[in-house]
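Close look at the chain arrangement
Take a look at the letters that make up each chain.
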Amino acid sequence: MTGELASDDRAPEFPALQRVMPGAAFDWLAAGWRDLVATRFAGIVYGVVFAAMGIAISIVYATYWQLTMGLIGGFFLLGPFVATGLYELSRRREAGESIGLVSSLTCWRRNPGSIALFAVILAFVMIVWARVSVILFALSSNTSFPTVQDMLWLIVSLDNLPFLGLWAAVGALFATLVFAISVVAVPMMLDRDSDTLTAVFTSVRALIANPLPMLVWASVIVAVIGLSLLAGFLPLVLTGPLVGHATWHAYRATVASPVERER
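These numbers come from a predicted model, not from an experiment.

This part takes up the confidence of the model for the protein. Note that predicted coordinates carrying low pLDDT should not be read in detail. Looking at the protein as a whole, its pLDDT mean stands at 82, while 77% of the residues score no less than 70. This model gives residues 6-12 a pLDDT under 50, and the stretch forms five contacts once residues within four places in sequence are excluded.

And the structure:
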């Protein structure tokens, strides 16, 4: 159930927003699963890429766990951009257009300038977070972990609670910033050819208009993707595309289409 919010007269170029129920995140996940099945699991290709990225990072930086934690955090920070093709698959299915993996891989050409600028913004945030993460490890942790897997499990032990609390708090600030500016940004740029700033501000407005549902949605993403990382990245083959498809439905539920706005 949704209820349309009046758009701000001072910013008529922004789309109207819609209110959603607190449990809407689970409806979005269910719709994402239907997209994954209906598109003949084309999104699994993206999931394989997500898993391969995680495994590659853990191998290349196997003994540099401080840097690896920052890079793994990039899954949450860069995810909204990396999943662009998944949004396109869901968009095409909704519009009744032909569904193909190749077309989803090149969907960025519909709005290249805006999507590229947004990718630069996310990349900058990820680079800053990676450096901050290294500094936090250097200042707060006196424990040596020989491998990434050892670190992922041992770091959450009771002996490391102060460090974990600090690291998680700072990481949450970065994640909240990225979530706020990206929750519907890329789907909107694909769907409406919106410029970057309009899409970013619309994301922030959607978050403000639906704080509890968005909190639930963010928690679901962290739980699903976070557990996939702890499980060794392979679950990302399925969970990555599932969350990507579901994000399209989060956008469609919270941002009114031009037709709905005219009603």
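Let us look at helix α5 (residues 84-95). At 3.6 residues per turn, the α-helix brings residues three or four places apart onto the same side. Given a rise of 1.5 Å per residue, twelve residues ought to cover 16 Å, and the 17 Å separating the end C-alpha atoms of α5 matches this to within 8%. Among the twelve residues in α5, nine count as buried, and that is most of the element. Those residues of α5 that sit buried are Thr-84, Gly-85, Leu-86, Tyr-87, Glu-88, Leu-89, Ser-90, Arg-91 and Arg-92.

Our next topic: unusual backbone geometry. The backbone of Phe-41 shows a phi angle near 60°, a positive value even though the residue is not glycine. On the basis of relative accessible area, Phe-41 is assigned to the partly exposed category, the value being 37%.

What follows is about helix α1 (residues 24-38). The end-to-end C-alpha distance of α1, which contains 15 residues, comes to 21 Å, matching closely the 21 Å that a straight helix rising 1.5 Å per residue would cover. Within the sequence span of α1, burial applies to Ala-24, Ala-25, Trp-28, Leu-29, Ala-31, Gly-32, Asp-35 and Leu-36. Across the axial projection of α1, the buried residues extend over an arc of 165°, all falling on one side. Taken from the residues just after α1, Arg-40 is the one with a positive phi, measuring 60°.

Definitions and limits used
- Residues numbered from 1 in each chain as written.
- Predicted model: local features only at pLDDT ≥ 70, side-chain atom pairs only at ≥ 80, totals over all residues.
- Heavy atoms only, no water.
- pLDDT = per-residue confidence, 0-100.
- Contact = heavy atoms within 4.5 Å.
- Helix = DSSP H or I, 4+ residues; strand = E, 2+ residues; numbered from the N terminus.
- Expected span 1.5 Å × (residues − 1).
- Buried < 20%, exposed > 50% of the residue type's maximum accessible area, 1.4 Å probe, protein only.
- Arc of directions from axis to C-beta.

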